[in-house]
Amino acid sequence: MVRWIVLILLTGGAAAQVTGTRAQTQESAQGQAQEQTPAPRQDAAVPSPTPATQGFPFDQFQEFSAVMVGSVLSGDDREGHIYRSGKLLRTQGTEGLGYFLTDLESHETYGLTALGCMNDSHPYFRAFPFSAARPGRKIEREPAGKESVDGHVCQVETVTLSSGDLALPIKLKLWEAEDLHGFPVKVQILNGGGRGTIQYKNVVLGPVDPTLFIRPKNCAHGLPQPPNKKPAVKKKAPTRAAGKLQP
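Residues numbered from 1 in each chain as written. Predicted model: local features only at pLDDT ≥ 70, side-chain atom pairs only at ≥ 80, totals over all residues. Heavy atoms only, no water.

Asker: So what about the side chain of Arg 90? Which residues, and what values?
Answerer: With respect to the helices, strands and loops of the structure, Arg 90 is situated in strand S3 (residues 88-92). Nearest to the buried, unbridged Arg 90 among oppositely charged side chains is Asp 209, at 8.3 Å. Only 2.9 Å separates the side chain of Arg 90 from the backbone oxygen of Leu 212, close enough to count as a polar contact. Filtering out sequence-adjacent residues up to four positions away, Arg 90 remains in contact with His 81, Ile 82, Tyr 83, Tyr 99, Phe 100, Leu 101, Leu 212 and Phe 213. (Helix = DSSP H or I, 4+ residues; strand = E, 2+ residues; numbered from the N terminus. Buried < 20%, exposed > 50% of the residue type's maximum accessible area, 1.4 Å probe, protein only. Lys, Arg positive; Asp, Glu negative; His and termini not counted. Salt bridge = Lys/Arg side-chain N within 4 Å of Asp/Glu carboxyl O. Polar contact = N/O pair within 3.5 Å; in protein donor to acceptor, adjacent residues only side chain to side chain. Contact = heavy atoms within 4.5 Å.)

Spelled out as structure tokens, the structure:
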């Protein structure tokens, strides 16, 4: 009987020792795991977002000035100043005659020339391609390599506008200058009613003088007309009759 009691006590003590040893081993393993797992760094660098490849490329340039050479018309090599401030775009008239203000949201245009002031519900043709992006039109962009234009290293893209109010797609090729944050310094119209080429020189990004976008309060609808002038009254030459002067 005594031998059984001693055996039970010894067995119980051994079991308690084994249980204690296992607990210590688990605590030790957990402590080592905590020491080996590095804490997240608070100053870890956040990767820069990838450049936007959606939307119309010109929309991100809300304030700038430049010299525009050419237009949507094929063979047009005329140049003139162009300015943008928000939704307003100012372009120089052909042959340097006056200027035109186009609202890129309503597409209404006001023209101011030596012949007077006019307004129209359509954008001026030199406002293209800024006036090309409109609600409902789908925009697709595809990279087309890299080239240099006038000393600017450019990313080349083809941009297609379709759907919406367009019966046929408009396809453009853009040369986007890396040193001008992607501003397209050259645009080639591949279809869509024109085959012209446009270049932008002396591009300055940043705020533009707001006085360049002031227009008269009252403008006649339609093309400007010459100012009204009273017709000159011709005097009748005196005639001779019976040796006397007649009035």
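The rest of the description comes next.
Asker: Quick one: what's the story with unusual backbone geometry, residue by residue and with numbers?
Answerer: Cis rather than trans, the peptide bond between Phe 128 and Pro 129 has omega equal to 10 degrees. Examined against the element boundaries, Pro 129 turns out to sit in the loop between strand S6 (116-120) and strand S7 (138-149). Despite not being glycine, Asn 202 has its phi angle at roughly 50 degrees, a positive value. Along the polypeptide, Asn 202 turns up in strand S11 (residues 197-205). According to the relative accessible area criterion, Asn 202 is exposed, its value standing at 62%.

Asker: Give a description of the sheet that holds S6 that names residues and reports values.
Answerer: Within the open sheet, the twelve strands sit side by side as S7-S8-S9-S10-S11-S1-S2-S3-S4-S5-S6-S12. Their pairing is mixed. The outermost strands of the open sheet, each flanked by one partner alone, are S7 and strand S12 (220-221). Across six bridges, the pairing between strand S9 (residues 170-177) and strand S10 (residues 183-189) is antiparallel. Within S10, the residue paired with Lys 173 across the bridge is Gln 188. (Pairing = 2+ DSSP bridges.)

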